[in-house]
Amino acid sequence: MTYQLTAPLLDACVLGIVNAEDAYGYTLTQKAQQVVDISESTLYPVLRRLQKDGYLTTYDVPYQGRNRRYYSITDEGRKMLSFYQGEWVIYKGKIDSLLGSEGIKENEEN
């Protein structure tokens, strides 16, 4: 992808994934990689920071003799995700207007 993923946007993406369902690191990375170019080594510090900030909690589940650490969104994380979603709508609208692409979806539907 041409555009860089900023820290707040990456946080929003992670919170959005975990809001849909609890996930462990590997599956979370796989879901994120379907949309953005990100490595596990980039994602794990983000997960730790979101946990430290109180937006995610973790729990372990035994799997084939090892534990998988699952991430779950907190109420504070949902509030932050809601904030990010609102900011995204505003930001996307501004960028669409600069690029002249606000009417693309309407034209594609016709």
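Right above here is the structure, for reference.
Given the structure is predicted, the values throughout are model-derived calculations rather than measurements. Every chain is numbered independently, its residues counted from 1 as its sequence is written. In keeping with the predicted nature of the model, local features appear solely for residues at pLDDT of at least 70, side-chain atom pairs appear and are counted solely at 80 or more, and the whole-chain, interface and lining totals rest on all residues. Only hydrogens and water are set aside; all other atoms, that is, all heavy atoms of the structure, feed into the side-chain values.

A.B. asks: Even after reading the chapter, I still don't get the overall build of the protein chain, so can you show me in this structure?
C.D. replies: Going along the chain from the N terminus, every DSSP run of H or I of four or more residues is numbered as a helix, and every run of E of two or more is numbered as a strand. Across its full length, the protein chain holds 5 helices and 3 strands. Written out in order from the N terminus, the α and β elements of the protein chain read α-β-α-α-β-β-α-α. In terms of overall dimensions, the protein chain has a C-alpha envelope of 55 × 25 × 25 Å along the principal axes. Each residue is placed in one exposure class: buried if its accessible area under a 1.4 Å probe, protein chains only, is under 20% of its type's maximum, exposed if it is over 50%, and partly exposed if it falls in between. With 110 residues in all, the protein chain has 29% of them scored as buried. Long-range contacts, defined here as pairs at least 24 residues apart, represent 48% of the contacts in the protein chain between residues at least 6 apart. We get accessible surface area from the Shrake-Rupley algorithm with a probe of 1.4 Å; when it comes to residues, only the shown protein chains can shield them. Summed over its atoms, the accessible surface of the protein chain is roughly 7800 Å², and 52% of this surface lies on carbon and sulfur atoms. Residues scored as charged are limited to Lys and Arg (positive) and Asp and Glu (negative), so that His and the chain ends carry no count. Taken as the charge centre is NZ of Lys, CZ of Arg, CG of Asp or CD of Glu, depending on the residue. If the 12 positive side-chain charges of the protein chain are averaged to one point and the 15 negative ones to another, these points end up 8 Å apart. The contact definition used throughout considers only heavy atoms, calling two residues in contact when any of these lie within 4.5 Å.

A.B. asks: I'm lost on the pattern of salt bridges in this one. Help?
C.D. replies: Once their charged atoms are close, side chains differing in charge can pair, the charge on each being opposite to the other. Salt bridge, as used here, is a side-chain nitrogen of Lys or Arg placed within 4 Å of a carboxyl oxygen of Asp or Glu. What the rule picks out here adds up to 7 salt bridges. Here Arg49 and Asp11 are joined by a salt bridge, their closest N and O atoms 2.8 Å apart. With a gap of 38 residues between them, Arg49 in helix H3 (residues 40-52) and Asp11 in helix H1 (residues 7-20) connect regions that are remote in the sequence. Taking the relative accessible area as the measure of exposure, Asp11 reaches 7% and is therefore buried. Two residues, Asp75 and Arg78, come together in a salt bridge whose shortest N-O distance is 3.2 Å. Taken together, the positions of Asp75 and Arg78, both in helix H4 (residues 75-99) and 3 residues apart, correspond to about one turn of that helix. A relative accessible area of 58% means that Asp75 is categorised as exposed.

A.B. asks: Can you help me understand the pairing of strand E2 (residues 56-63) in this one?
C.D. replies: Consecutive side chains of a regular strand alternate in pointing toward one face of the sheet and then the other. Bridging between E2 and strand E3 (residues 66-73) involves 8 bridges; their strand directions are antiparallel. Looking at the pairing, Thr57 lines up with Ser72 of E3. Here, any two strands with at least 2 DSSP bridges between them count as paired. Connecting the antiparallel pair E2 and E3 is a turn made up of 2 residues, with Gln64 showing a positive phi of about 50 degrees.

A.B. asks: Can you help me understand H4 in this one?
C.D. replies: Residue pairs three or four apart in sequence face the same way in an α-helix, which turns once every 3.6 residues. A helix is expected to reach a length of 1.5 Å times the quantity of its residues less one. Across its 25 residues, H4 extends 36 Å between first and last C-alpha, which sits within 8% of the 36 Å expected from 1.5 Å per residue. Buried residues belonging to H4 abut H1 and E3. Following H4 by one or two positions, Gly100 has its phi on the positive side, about 70 degrees.

A.B. asks: Looking at this model, I keep getting lost on the side chain of Asp96. Mind explaining?
C.D. replies: Within the secondary structure, Asp96 sits in helix H4. Asp96 gets classed as buried once you look at its relative accessible area, which sits at 17%. Two N or O atoms count as a polar contact when they lie within 3.5 Å, although within protein this holds only if one can serve as hydrogen donor and the other as acceptor, and sequence-adjacent residues are included solely when both atoms are side-chain atoms. Within polar-contact distance, the side chain of Asp96 engages the side chain of Lys92 at 2.8 Å.

A.B. asks: Just to check I follow, could you spell out the sheet that holds strand E1 (residues 23-24) for this structure?
C.D. replies: Within a beta sheet, neighbouring strands are joined by backbone hydrogen bonds and run either parallel or antiparallel to one another. Pairing in this open sheet of 3 strands is antiparallel, and the strands run E1-E3-E2 from one edge to the other. Single-partner strands in this sheet number two, and they are E1 and E2. For helices, the fitted axis covers only the stretch in contact; all axes are lines through C-alpha atoms, and the angles between them, taken along N-to-C directions, range from 0 to 180 degrees. In the packing of H1 onto the sheet, the strands contacted are E2 and E3, and the crossing angle to E3 comes to about 105 degrees.

The analysis is restricted to geometry; functional conclusions fall outside its scope.
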